[in-house]
Amino acid sequence: NMAVFQAFRALRPIPEKASSVAALPYDVVTREEAKLIGDKNPDSFLHVDRPEMDLPDETDLYDPKVYDKAGENLRNMERNGILKQDECYYIYELTRNGRTQTGLVGCCSIDDYMNGVVKKHELTREDKEQDRIRHVDTCDANTGPIFLACRYPQELLDLMEEWKASHDAVYDFTADDGIGHRAWVIDGEKEKATIAQQFGEIPSIYIADGHHRA
């Protein structure tokens, strides 16, 4: 078995909204911190990831209302033109303290998780799994990406470098925490076919972060 990695229908911010939509992961901010960020910034994705900020303080975190609010907030962002959809692969580059990491964003296969192509190394907690399942279900979207690592073939590295050199980044901003974010949309049919084919020759992919989301 080899890895399946496909282009996917990303719902993503329009370029001028990218820096205000970008948010910390849902599990690194407290309820209070999330609310402070959300009250200040109506475009923050934390309105989808931590929707309890838009409900009364006494609301239980696992109340069905919380998940419903997440779905409502996500649909509103799309309706208001803050998010748009296309079907591509994406290059995502993070820079912190002068050090840069670059990867590809796409769609992985659940079957690969079940058949062992995607390798896990962490036990998960049932309550946290259920929370993510309900969130994904109610939003009808995978709201939290999974960070996977593998050994990229040279052809894939070359393709990414060439694409970056010949196309403008759709997003290019530095977040409040000093981390730089840049992204490119790979919409070329030839390149899309090459990425799928190259991943089809990779035998193992490792979950670096996101066991509960997986």
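Residues numbered from 1 in each chain as written. Predicted model: local features only at pLDDT ≥ 70, side-chain atom pairs only at ≥ 80, totals over all residues. Heavy atoms only, no water.

Undergrad: What exactly am I supposed to notice about the overall build of the protein here?
TA: Summing up its helical and strand segments, the protein has eight helices and ten strands in all. Over its C-alpha atoms the protein spans a radius of gyration of 18 Å, differing by no more than 12% from the 17 Å that the globule rule assigns to 214 residues. The C-alpha extent of the protein, read off along each of the three principal axes, is 55 × 40 × 35 Å. Among the 214 residues that make up the protein, the fraction classed as buried is 38%. Only carbon and sulfur atoms are counted for the fraction: they give 50% of the accessible area of the protein, which is about 12,600 Å². Within the protein, the 41 negative side-chain charges are centred at a point lying 1 Å from the centre of the 26 positive side-chain charges. (Helix = DSSP H or I, 4+ residues; strand = E, 2+ residues; numbered from the N terminus. Rg over C-alpha atoms; globule rule 2.2 N^0.38 Å. Buried < 20%, exposed > 50% of the residue type's maximum accessible area, 1.4 Å probe, protein only. Areas by Shrake-Rupley, 256 points an atom, 1.4 Å probe, with all protein chains shown as cover. Lys, Arg positive; Asp, Glu negative; His and termini not counted. Charge placed at Lys NZ, Arg CZ, Asp CG, Glu CD.)

Undergrad: Explain the nonpolar core here, please?
TA: Membership of the largest hydrophobic core comes to 17 residues, with the highest contact counts inside it found for Phe 5, Tyr 89, Ile 91, Leu 104, Ile 186, Ile 195 and Phe 199. Secondary-structure elements contributing two or more residues to this core are strand S3 (83-96), helix H7 (154-166), strand S9 (180-186) and helix H8 (189-199). At four residues, H7 tops the list of elements feeding residues into this core. In this structure Ile 91 touches Thr 102, Gly 103, Leu 104, Met 160, Trp 163, Lys 164, Arg 182, Ala 183, Trp 184 and Ile 186, once residues within four positions along its chain are discounted. Counting residues in hydrophobic clusters, the runner-up holds nine residues, among them Val 21, Ala 70, Leu 83 and Cys 139. (Core = buried A, V, L, I, M, F, W, Y, C linked by side-chain atoms within 4.5 Å. Contact = heavy atoms within 4.5 Å.)

Undergrad: Is there a simple way to explain the packing of H7 against H8 in this structure?
TA: Packed helices, taken two at a time, are described by their axes: the angle between them and the distance between them. It is the contact of H7 with H8, at a shortest axis distance of 10 Å, that shows an interaxial angle of 155 degrees. On the basis of the axis angle, H7 is roughly antiparallel to H8. The handedness of the crossing between H7 and H8 is left-handed. Seen from H7, the contacting residues are Glu 155, Leu 156, Leu 159 and Trp 163; seen from H8, they are Glu 191, Thr 194, Ile 195, Gln 198 and Phe 199. Classifying every residue of the contact of H7 with H8 gives five nonpolar, two polar and two charged. (Axes fitted to C-alpha atoms, helices over the stretch in contact; angles between N-to-C directions. Parallel < 35°, antiparallel > 145°, perpendicular 65-115°, else oblique. Left-handed = near helix turned anticlockwise from the far one by under 90°. Nonpolar A, V, L, I, M, F, W, Y, C, P; charged D, E, K, R; others polar.)

Undergrad: How should the packing of helix H4 (residues 64-79) against helix H6 (residues 126-139) be read in this particular structure?
TA: Between H4 and H6, the shortest axis-to-axis distance is 8 Å and the interhelical angle comes to 45 degrees. One finds that H4 runs oblique with respect to H6. The handedness of the crossing between H4 and H6 is right-handed. Contacts between H4 and H6 involve Pro 64, Tyr 67, Asp 68, Ala 70, Gly 71, Leu 74 and Arg 75 from the first element and Asp 131, Arg 134, His 135, Thr 138 and Cys 139 from the second.

Undergrad: Please clarify how the pattern of salt bridges should be interpreted in this entry.
TA: Where charged atoms from two side chains of opposite charge come close, those side chains can pair. Enumeration according to the criterion identifies 13 salt bridges in this entry. Across the pair Arg 213 and Asp 209 runs a salt bridge, and its minimum N-O distance is 3.6 Å. Residues joined in a network through salt bridges with shared partners are Glu 93, Glu 161, Lys 164 and Arg 182. (Salt bridge = Lys/Arg side-chain N within 4 Å of Asp/Glu carboxyl O.)

Undergrad: Whenever I open this one, the side chain of Lys 69 confuses me. Can you help?
TA: Along the polypeptide, Lys 69 turns up in helix H4. Setting aside chain neighbours within four positions, we find Lys 69 in contact with Pro 51, Asp 54 and Leu 55.

Undergrad: Explain the environment of Val 170 to me, please; I cannot follow it from the model alone.
TA: On the secondary structure map, Val 170 appears in the loop between H7 and strand S8 (171-174). Residue classification places Val 170 among the partly exposed residues on the basis of a relative accessible area of 28%. Sequence separation of Val 170 and Pro 13 is 157 residues, and the distance between their C-alpha atoms is 9.9 Å. Non-local contacts of Val 170, meaning those with residues more than four positions away in its chain, are made with Arg 12, Pro 15, Ala 183, Trp 184 and Val 185.

Undergrad: Looking at this structure, how should I read the packing of aromatic side chains?
TA: Pairs of aromatic rings are described using the distance from one ring centre to the other and the angle between the two planes. Under the definition given, this model contains four aromatic pairs. Counting every residue linked through ring pairs, the aromatic cluster contains Phe 5, Tyr 89, Tyr 152 and Phe 199. Lying over the aromatic face of Tyr 113, Lys 120 brings its terminal NZ or CZ to 4.1 Å of the ring centre. The ring of Tyr 26 is capped by Arg 132, whose NZ or CZ atom sits 3.8 Å from the centre of that ring. (Phe/Tyr/Trp six-rings, centres within 6.5 Å; stacked < 30°, edge-to-face > 60°. Lys NZ or Arg CZ within 6 Å of the ring centre and 35° of its normal.)

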